Amino acid sequence: MPPSSPGGLAMLFYFVRQARWAFVSMLILGGLTAGIEVSIYTFIGKIVDMLDEVPRAELFAQYGSTLLVMAFVVLVARAVVAVLTALVEEQTVVPGFYNLVRWQSHHQVMRQSLGYFQDDFSGRLSAKVWQSGFAAGEFMVTLLQTAWYIVVYALSTLVLVGDLDWRLGVLVVVWLAGFCLIAFYFVPRVRKSAKEVANAASGVTGRLVDAYTNIQTVKLFGSSQEENRGVRSSYDHFLNKLRHFTRHLTSVRIRMAFLGGTMIVLIAGTCLWLWQQGAVSTGQVAFSLGLVLRLNLLLSRLLGQLNGLFRTMGTFQDSMETIIQPVEIEDLPDAPDLLVSQGAVSFQDIRFHYGKAGGVIDSLSLAITPGERVGVVGPSGAGKTTLVNLLLRFYDVQGGKISVDGQGICEVTQQSLRQSIGLVTQDTSLLHRSVRENILYGRPEATDDDLRKAAERAHALEFIEELEDRRGRRGFDAHVGERGVKLSGGQRQRIAIARVLLKDAPILVMDEATSALDSETEAGIQANFTELMQGKTVIAIAHRLSTIAAMDRLIVMDKGAIVQEGTHAELLTDGQGLYAQLWARQSGGFLPDDVELPDTPDMVD
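In the annotation of an unreviewed UniProt entry, the protein chain is listed under the name ABC transporter ATP-binding protein and assigned to Roseibium algae. Heading Subcellular location (unreviewed entry) of the UniProt record for the protein chain holds this comment: "Cell membrane".

What am I meant to see in the packing of helix α6 (residues 166–213) against helix α8 (residues 224–276) here?
Helix-helix packing is characterised by the crossing angle of the two axes and by the distance between the axes. Close contact between α6 and α8 brings their axes to 9 Å; oriented N to C, the two are set at 170 degrees. In this view, α6 runs roughly antiparallel relative to α8, as classed from their interaxial angle. The crossing of α6 and α8 is left-handed. Residue composition of the contact of α6 with α8, grouped by class: 32 nonpolar, ten polar and seven charged.

Got a minute to help me understand the nonpolar core in this structure?
Soluble globular proteins: nonpolar side chains tend toward being buried together. One finds Phe 15, Phe 23, Val 93, Phe 97, Tyr 153, Trp 175 and Phe 316 to be the most contacted residues of the largest nonpolar core, which totals 81 residues. Secondary structure elements with two or more residues in this core: α1 (8–17), α2 (20–53), α3 (59–110), α5 (122–164), α6, α8 and α9 (282–323). Per-element tally for this core: the top contributor is α5, with 16 residues. If sequence neighbours within four positions are ignored, Val 93 has contacts with Ala 22, Phe 23, Met 26, Val 88, Tyr 98 and Val 141. Leu 451, Met 510, Leu 571 and Leu 582 belong to the second largest nonpolar core, which has 41 residues in total.

Looking at this structure, I do not really get the pattern of salt bridges. What am I missing?
Here the idea is simple: oppositely charged side chains can pair when their charged atoms come close. As enumerated under the stated definition, the model contains 17 salt bridges in all. The salt bridge partner of Glu 372 is Arg 553, with a shortest N-O separation of 2.8 Å. Note that Glu 372 is positioned in the loop between β2 (361–368) and β3 (373–377) and Arg 553 in strand β9 (residues 553–558), a separation of 181 residues in sequence. Take Glu 372: its relative accessible area is 12%, and that puts it in the buried class. By relative accessible area, which is 15% here, Arg 553 ends up buried.

Just checking my understanding: could you explain the packing of aromatic side chains for this structure?
Two aromatic rings are characterised by how far apart their centres lie and by the angle between their planes. Counted by the stated rule, this structure contains seven aromatic pairs. Centroid distance Tyr 14 to Phe 15: 5.2 Å. Interplanar angle 65 degrees. Geometry classified as edge-to-face. Aromatic side chains Tyr 98 and Phe 134 sit 6.3 Å apart centroid to centroid with 80 degrees between the ring planes, which places their arrangement in the edge-to-face category. With Tyr 98 in helix α3 and Phe 134 in helix α5, the pair connects residues that are 36 residues apart, well separated along the chain. Since its relative accessible area comes to 43%, Phe 134 is described here as partly exposed. In this structure an aromatic cluster arises from ring pairing among Tyr 14, Phe 15 and Phe 316. If you follow Arg 102 out to its NZ or CZ, it ends over the ring of Trp 130, 3.8 Å from the centre.

Help me understand unusual backbone geometry in this model?
Most peptide bonds take the trans configuration, and most residues that are not glycine carry a negative phi. You will see that Ser 363, though not glycine, has its phi angle at about 50 degrees, which is positive. For Ser 363, the position within the fold is in strand β2. The class for Ser 363 is partly exposed, based on a relative accessible area of 47%. Unlike most non-glycine residues, Lys 559 shows phi in positive territory, near 55 degrees. Along the chain, Lys 559 turns up in the loop between β9 and β10 (561–566).

Rules of the game
- Residues numbered from 1 in each chain as written.
- Predicted model: local features only at pLDDT ≥ 70, side-chain atom pairs only at ≥ 80, totals over all residues.
- Heavy atoms only, no water.
- UniProt positions renumbered as here; feature names shortened; annotations may be inferred.
- Axes fitted to C-alpha atoms, helices over the stretch in contact; angles between N-to-C directions.
- Helix = DSSP H or I, 4+ residues; strand = E, 2+ residues; numbered from the N terminus.
- Parallel < 35°, antiparallel > 145°, perpendicular 65-115°, else oblique.
- Left-handed = near helix turned anticlockwise from the far one by under 90°.
- Nonpolar A, V, L, I, M, F, W, Y, C, P; charged D, E, K, R; others polar.
- Core = buried A, V, L, I, M, F, W, Y, C linked by side-chain atoms within 4.5 Å.
- Buried < 20%, exposed > 50% of the residue type's maximum accessible area, 1.4 Å probe, protein only.
- Contact = heavy atoms within 4.5 Å.
- Salt bridge = Lys/Arg side-chain N within 4 Å of Asp/Glu carboxyl O.
- Phe/Tyr/Trp six-rings, centres within 6.5 Å; stacked < 30°, edge-to-face > 60°.
- Lys NZ or Arg CZ within 6 Å of the ring centre and 35° of its normal.

Next comes the structure, spelled out in structure tokens:
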């Protein structure tokens, strides 16, 4: 399990521990790479001294073995370390660690309750999951392959140059201290700015995805210019954060250029003075100048890498703050699966207010016997859909208990609970996949024959067989577009009904299941629903009262409470009751627009 806190370092260590040996290998190889690099400059110094010390004809005779060792280090050892480094990074860390972080981040997001997704852009969430793997991987690769290499190189330079003369060592220490002061001042500011840039960037992508996903609504209301202004506002906010970030980077580069130039001149002048005094040889001067020139390049690079490190850490932490949130609805440890033997559903004195003080459902009790068909009616906002959401445990009740066959739904696994309930809603959403995959979502192991029968019973087979998408895929293999946008509302509804028919769960919930269908198609499907309901417990929500008049019992809700119950005929006998009023006001079985709606929170119905 990941840490409960979304802190960047804590989460990073959580992921790194799972790939520790790959990073240990990178640590060792990075140190070896730096050591070999330093040794090459040492070789240069020694070769210069060799050329000064011996006649040309005797060079290989006296130093042949030493030159062979140098050649072996440069040709073989350096190449082997480079190959191993590339293998570890490109074959282990990039495909393994990057995607380990992404997969586990996705898994954490998928554990979240429905409310988590309703509070954020889906595009923003997907961007956070994807960038989390890249940011974590880039941070570790940069830290161990580049930053660690430079640190080892700098310390080796300090030791080797200081060994020649303590005054050269002091100058290198001053140089490294100046670098640390610049880093100490700017790195936290860069880290903070990087986090703000990452958050602003995800806001832009989220706004773009929201506009693209709802492009039909945008165009329908002629809101393209308004949307563009909104995107531009988000983009301007991102640019402001980015400019603030780049100002820090510019300041760093200016200071590093001044520091590096000053220290190179001081060290070079000191080396020449020491050579003039006879304290160092010509080769040692060449060796020292080569090392410090390379050190100047590497320190400038290191500060850039530190900026990159904290930029990626800011991105990673920004992702984790979104991804690692407390999961509101979790299964109990070792929770058993729900076993539905009869299908009795019980709501016992339940209370629910969407986390507020009150206003949705208070002290509601309802017992549904096995195989009973119950219709739920009432004005919009009465709490009908909320009742279904609570049964499916999309939210947890704030008081009371919901049980199925005597088993509390909070005490069993969510997966087994939802597998036992077939749900068709008014707002049908399909996956951007083939018709086949969408229907088989109800029962993946079903045969093609079962698939076709479900489509036929849902009056969907005829139009499915005529479908063809832009890539030439036909029939059940045709893709339906994002949220099923390539299909009409009635076609989407029929595919959703086929999915539930195929699932064949013991408890059936219909929330305005046929609202998008024409009367002829609805009549045909209603006959199949009658067959489907046999032996099942049914909860049907409808505004069109005629569609549920034949239910065994009707429950009338208003303002989160049950105000009437009985059969259609019984409820009509009470001419002053809410049901009789709604029935009388309907024309063709629809609730009128002038029914007064209660003041309830959003998303109650």
